[in-house]
Amino acid sequence: GDDRAAWARGELFGGARAARTHGAALVHCPANFGPLRSRVPVVLTIHDLLAFRHPEYVPGAYARVLRTMIRLAAGVARRVVTVSGASRDDIVRLLGVPPGRIDITPLAGSARAPVGSGERPRPARRDDLLLAVGNRMPHKGFETLLDALARIAPDERATLVITGSHGDDPLAPIVERLGLGASVELRGWLSHDELDELYARATALVFPTRFEGFGLPPLEAMARGCPVIASDIPVVHEVAGDAAMYVDPADAEAMAEAIQTLQDSPLQRARMTEAGLQRAATFSWDATALATRAAFLRAPER
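Once a new chain begins, its residue numbering starts again from 1 and follows that chain's sequence as written. Owing to the predicted nature of the model, reporting of local features is limited to residues with pLDDT of at least 70; listing and counting of side-chain atom pairs is limited to 80 or more, with chain, interface and lining totals taken over all residues. Where side-chain values are given, they derive from all heavy atoms of the structure, hydrogens and water being excluded.

K.L.:
So what exactly am I meant to see when it comes to the overall build of the chain here?
P.N.:
Runs of H or I in DSSP of at least four residues are treated as helices and runs of E of at least two as strands, each being numbered from the N terminus. Helix and strand counts for the chain stand at 12 helices and 10 strands. Evaluated residue by residue, the chain yields a buried proportion of 49% over its 302 residues. The contacts of the chain with a sequence gap of at least 6 include a subset with a gap of at least 24, amounting to 64%. The accessible surface values rely on the Shrake-Rupley method and a 1.4 Å probe; as for residues, cover is taken only from the protein chains in view. Approximately 14700 Å² of the chain is accessible, and the part contributed by carbon and sulfur atoms is 52%. When accessible area is computed with a 1.4 Å probe and restricted to protein chains, residues below 20% of their type maximum are described as buried, those above 50% as exposed, and intermediate ones as partly exposed. Note on contacts: a residue pair is in contact if any heavy atoms of the two residues lie within 4.5 Å.

See below:
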């Protein structure tokens, strides 16, 4: 549910106690928090250190609580698992965890037809549509994306669909202020089928984030043959390699130019689709599982 306080209490006090009660050999804490102490070896997954790197994006008191809980959990854990080299470097620098105690387990983009199965995503009938996905936390960069869209002439402007809203969408007033009501669809959480349909129709996924621990949406898009315009930050390069078009996430004018360049070039879209499929094929959930298992096996070691 949404009771974060109850969940945090469970991570701090319940997990280690349950592990002792049931004779478990290992406790895996998959979401940044872990027990304050544990007789059973703990593996802690830290996805990112947003509250450390960019506390301005997290409410003040909550950021302080997050930093304290993550720091304590990292001190107890035998192994720390994270999803990218960028996050590993943050964990070493900001939490003081030795690099040898950290395992990197990159994520993967899942397509309905598994990449590498021999079955390619169906040839897409790309509509005049742009897609962006994610929650509404400030670092996701959607306000800059809307500013970029407003800089494109209305008769050249694609429809932008932004998914992932939960409750009253804070982007709605910005859409109204910029006069983009006819060009933007703000959508909530979608089913897998609905999201697949949008990926198949979109000219591009635009990923304007200013900070991530990994950056799964570009990988999901590439696995479906959808070109990607992404933020020019190190962790996204780590995920998308040379398959994406990169833009400064703070530069609305450059973002608008990138969108128009891709819209106007079917040949570039085709090249990016092929490069994206090849890039996505280098990631797999099997590899993620094997790397996680290896971390579990190392946990009893000191």
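Past the structure itself, the notes keep going.
K.L.:
Got a minute to help me understand the pattern of salt bridges in this structure?
P.N.:
Think of it this way: side chains of opposite charge can pair up when their charged atoms draw near. Counted as salt bridges are all cases of a side-chain nitrogen of Lys or Arg within 4 Å of a carboxyl oxygen of Asp or Glu. Tallied over the entire structure, the rule returns 13 salt bridges. Notably, a salt bridge pairs arginine 88 with aspartate 89, separated by 3.2 Å at the nearest N-O pair. The salt bridge involving arginine 151 is made with aspartate 147; its shortest N-O contact spans 3.2 Å. Linked through salt bridges whose partners overlap, the residues forming this network are Arg53, Asp90 and Arg93.

K.L.:
Looking at this model, I keep getting lost on the side chain of threonine 288. Mind explaining?
P.N.:
Its place among the elements puts threonine 288 in helix α12 (residues 285-298). Not counting residues up to four positions away in its chain, the partners in contact with threonine 288 are Thr105, Pro106, Leu107 and Ala108.

K.L.:
Would you explain the sheet that holds strand β4 (residues 102-104) in this entry?
P.N.:
Pairing between sheet strands relies on hydrogen bonds along the backbone, with the strands arranged either parallel or antiparallel. We call two strands paired when DSSP finds no fewer than two bridges between them. One open sheet accounts for 4 strands, arranged β1-β2-β3-β4; its pairing is parallel. Bordering the open sheet on either side are β1 (27-29) and β4, each of which pairs with just one other strand. Shown here is a sheet whose adjacent strand axes are inclined to one another by a mean of 20°, direction ignored. Relative to strand β3 (residues 79-82), strand β2 (residues 42-45) runs parallel, the two sharing 3 bridges. Bridged to threonine 45 within β3 is valine 81. Helix-sheet contacts for helix α4 (residues 85-95) involve β3 and β4, and the interaxial angle to β4 is about 165°. Interaxial angle, 0 to 180 degrees, is taken between N-to-C directions of lines fitted to C-alpha atoms, where a helix line uses only the stretch in contact.

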